[in-house]
Amino acid sequence: MKALPAETVRLLCSSQVITSVLNVVKELVENSLDAGSSSLEVKLENYGLDRIEVRDNGSGIKATDVPVMAVKHYTSKISCHEDLERLETYGFRGEALASLCAISEVVITTRTADDEFSIQYSVDHNGQIVSQKPSHLGEGTTVCAANLFKNLPVRRQYYSNTKKCKEELKRVQNLLMAYAVVKPELRITLSHNKAVVWQKSRVSDHRTALMAVLGAASVANMLPVHLMFAQIGIDGFFPKPGSDFNSTSSSTPDKTFIFVNSRPVHHKEILKLIKQYYTSAQSNKESANRRYPFLMMNITIPASTVDVNLTPDKTEVMLQNKEGVLLAVETMLISLYGYSIDNDDLKTGGSRPGVSSVDVPEHTNVVPTPTTDVRLDEPELLEISPTNADKQDGESSSDFDSINSSLPADDVVMNSTADLNCNSPKPSKSDSGPGQESIVSAESWSTGKAFSNQVTGECLEPVKLHVPKAHEDLGGSTRSSPSKRPSNVIMEKMAKLTAYELISNRSVRQPSSAFSLFEQDTRSQVLQVNPRASPQDVTTAVKERWESLGEEDRKKYESKAEKSLNAYNLQRKRAAEGGGQCGEGKKQMSAESSLNKAQGVKRKAPLANQQALDKLFSSQPSSKRSPAKLSKPLPFSIATLKQSLNLLSYQNRSSAQGLRLVNRLASHGAWVVLCGKKLMLLNPFRVEEALLFKRLLENNILPTVRLQTPVQLTDGVLGGPEYMEVLLNMEKDSACFNGDIYFTDPRLVANGFEIKMIPGSLSSERHVEVTGMADCMPFFGIGDLREILQVIKVRDAKTVEQCRPLKVSNYLESEAVRLARQLPLNLTRADVTNTLCRMKQELEEESQACIHRRPFFHDLVTVPETEQDALQIMSNSC
């Protein structure tokens, strides 16, 4: 046996702590929360494999702690093992940054309240600082990890599947949602590839935070709960009993937020209890059994009774008083949802493993108070009726009926022993002893006589089919009773206005109200949940949902109703106008008919009126009539006309030169072009990339972000007095009211620099500083400004295109590629012709390649002019 090298040991330990992108984000976010941050920004590139950045506004890292901030097992949160009993932070091991350095490239930028400016540190794989430079970032810490799992190819290969990458991004979002719920004052932003995926602003309470995560419709069906039991406290929000499970649950436990001392954890036993009691409170238990409720539950217990040092990600905890915690959770759930019908332990009178048994007297009614806060120390929580063993079965059942009828309709009442044990016969004292149990034989089970009702003595059937009774009429035929009709089938028309009315002999739909539109969308959902519901029950359920509907959803339906009313009024107006014209035609026709009768001669209408009569009384539908010729103004501009003429002249010139589009290859999106005798293949997307890149170089202006602390420019910072002289000779704006002068030279503004000069009486008193810089690129700073000044000094660059720094050029190249990828795959002939026209005008003849140095054209074959040339080509190919 031999000792492993230190490099191998470090890599093995680090790959156990950092196992995924989720672990990286979790460790960095918890470090930010421990630093007292109120704002978090998480940025991912390529699902976190290329770059992960977590920026906060916390207290920062002190200068004395910087040399060991990424060294393993260095931490400021605990000093000995006994501190774990008083742990108040998320992290405590000091392994996150050290493990991250071993499997990625880490850069840390930090600044405390006492520092004048922030400093950016580059860290090697051992956690040692290799370089440092000033930065423009504000107070707080920014950790950037690039090339994650660079030395673990198998683990990086695991994320080669797009589906797994999207699932990992969803897990990161769910993690940030958990912290957003438990810390309402926290502002969180999650971005992926420079696009915001999810964000939450600062809010005042947990309910508002839940609305930002779950939505207003789900939170409207939730109740706040507060419980104190000895040293165990439970706070949170739970779904209301009997609420619609479609809006308060999902098929995955992602939105079931369980916290222990504000730490998000995964506890299977607590989750099982919650799911069991939530399912028991639903009417459709088969569908609800496969769903997990939306809730937020924070269990507060002493830190000395919980061990969080079980797994590297600290999501699993070990509870010292697990039985007491589970009992408190179950008591809270019982007070909210009542006893679980599926709980076999209550039926048998046993206790659940891991939880001490609770002695519940027989004939006990548990009624939760309708208040939002539930406390065990309140005497009104449990109403326990005394045991009356001397009463007969019939008397006890009537007592229960009287008790249940006296309770409010909104309260949930569960009989713990009398109702749950009704399926087993109760042995008498003379028949069996205290330890004897009733045995169900196979024969009685198969014949359906195993269980009987204690009150009536009838056998209980597992399923009872209700069949309508048949009777014989006078003719001897068997028919069903006409008085007994299904309650959920409409047998006759209801006496109310129909949805259509006739306006000028045309059917026009009446305007729908907001509630009727909502009823159309919701009625099918109610019938899916309860197919046997009657129309009255469905209408009642729809009204309840309408009353609990959020304001945003209600406004949507009100806007739809307003549009329906406007359309109805428009149709009435058109019908009224058409009716007036028709009435005039009828009057004219009646006058002519009376005249014809008086003369006794049938005469034809004059030719001038024939067209009007055909128009009024034509039997052809409106779709077959010739449409009216309407005049429509068209936009016109001299610039568009010039562009069209240039395109036409280019097409004529290109056809004269021999450049002509032949056809498009459907499989590759390329076009076959004939140029003289050569048949070539054109890739129009490469041409578009080059055109976009050139346009961005010339016209794009990088957005500037104001710096919290301006960076002073001196001769030493810029690299010499000659560069300061070049900067001072650049174009400037007029002085402001306070005397400050801002540089307006497009070579500086387009590259994202905002520079201010404070003049003085002497040249030595003149003060120049950078007040704003672009933040769309990492590590963009004073070095890029020095590069711009060097190009102006050495090459006498006059245009913005010539003064682009290397970082800006690379950024604009990526933007050009991103924009080109948004083009449609199948370009039309006119689009390709336009692309070639712009290529001829904007690009030089020698630059016939894209930004990746790949040519636009690819030679295929030379077209032969004569048969002899064709035979020669065929012989050469053979």
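Everything discussed here concerns the structure shown above.
Predicted model, so just to flag it, every value in this text is computed and none were measured.

A. Spatial organisation of unusual backbone geometry. One non-glycine residue, N193, lies in positive phi territory at about 55 degrees. Among the structural elements, N193 can be located in the loop between β7 (187–192) and β8 (195–200). Phi angles above zero are rare outside glycine, and D796 is one such case at about 55 degrees.

B. Expanded view of the packing of aromatic side chains. According to the stated counting rule, one finds seven aromatic pairs in the structure shown. Ring centres of Y90 and Y179 lie 5.8 Å apart, and the angle between their planes is 85 degrees; this geometry places the pair in the edge-to-face category. Here Y90 is found in the loop between β2 (51–56) and α3 (96–103), whereas its partner Y179 is found in helix α5 (residues 162–182), with 89 residues between them in sequence. Taking relative accessible area as the criterion, Y179 reaches 0% and is therefore assigned buried. Centre to centre, the rings of F149 and Y159 are 6.4 Å apart; their planes meet at 5 degrees, and the pair counts as stacked. Taken together, the residues span a long stretch of sequence, with F149 in the loop between β6 (140–146) and α4 (153–158) and Y159 in the loop between α4 and α5 at a distance of 10 residues. Overall, F149 belongs to the buried group, its relative accessible area being 0%. A relative accessible area of 6% places Y159 in the buried class.

C. Structural view of the side chain of T248. Here T248 shows up in helix α8 (residues 245–248). One polar contact links the side chain of T248 to the main-chain carbonyl oxygen of D244, over a distance of 2.9 Å. A distance of 2.9 Å separates polar atoms of two side chains, one belonging to T248 and the other to Y278. Other than its neighbours up to four places away in sequence, T248 contacts S218, N221, P239, S243, Y278, Y292, P293 and F294.

D. The pairing of strand β25 (residues 671–675), seen in detail. The buried count for β25 comes to four of five residues, which makes it a mostly enclosed element. In this sheet, β25 lies alongside strand β24 (residues 659–664) in antiparallel orientation, the contact comprising five bridges. Paired with N663 across the strands is V672, a residue of β25. When β25 meets strand β26 (residues 678–682), the two strands line up antiparallel, connected through five bridges. Across the sheet, residue V672 finds its bridge partner in β26, namely L681.

Rules and cut-offs
Residues numbered from 1 in each chain as written. Predicted model: local features only at pLDDT ≥ 70, side-chain atom pairs only at ≥ 80, totals over all residues. Heavy atoms only, no water. Helix = DSSP H or I, 4+ residues; strand = E, 2+ residues; numbered from the N terminus. Phe/Tyr/Trp six-rings, centres within 6.5 Å; stacked < 30°, edge-to-face > 60°. Buried < 20%, exposed > 50% of the residue type's maximum accessible area, 1.4 Å probe, protein only. Polar contact = N/O pair within 3.5 Å; in protein donor to acceptor, adjacent residues only side chain to side chain. Contact = heavy atoms within 4.5 Å. Pairing = 2+ DSSP bridges.

Function cannot be inferred from these measures alone, as they are strictly geometric.
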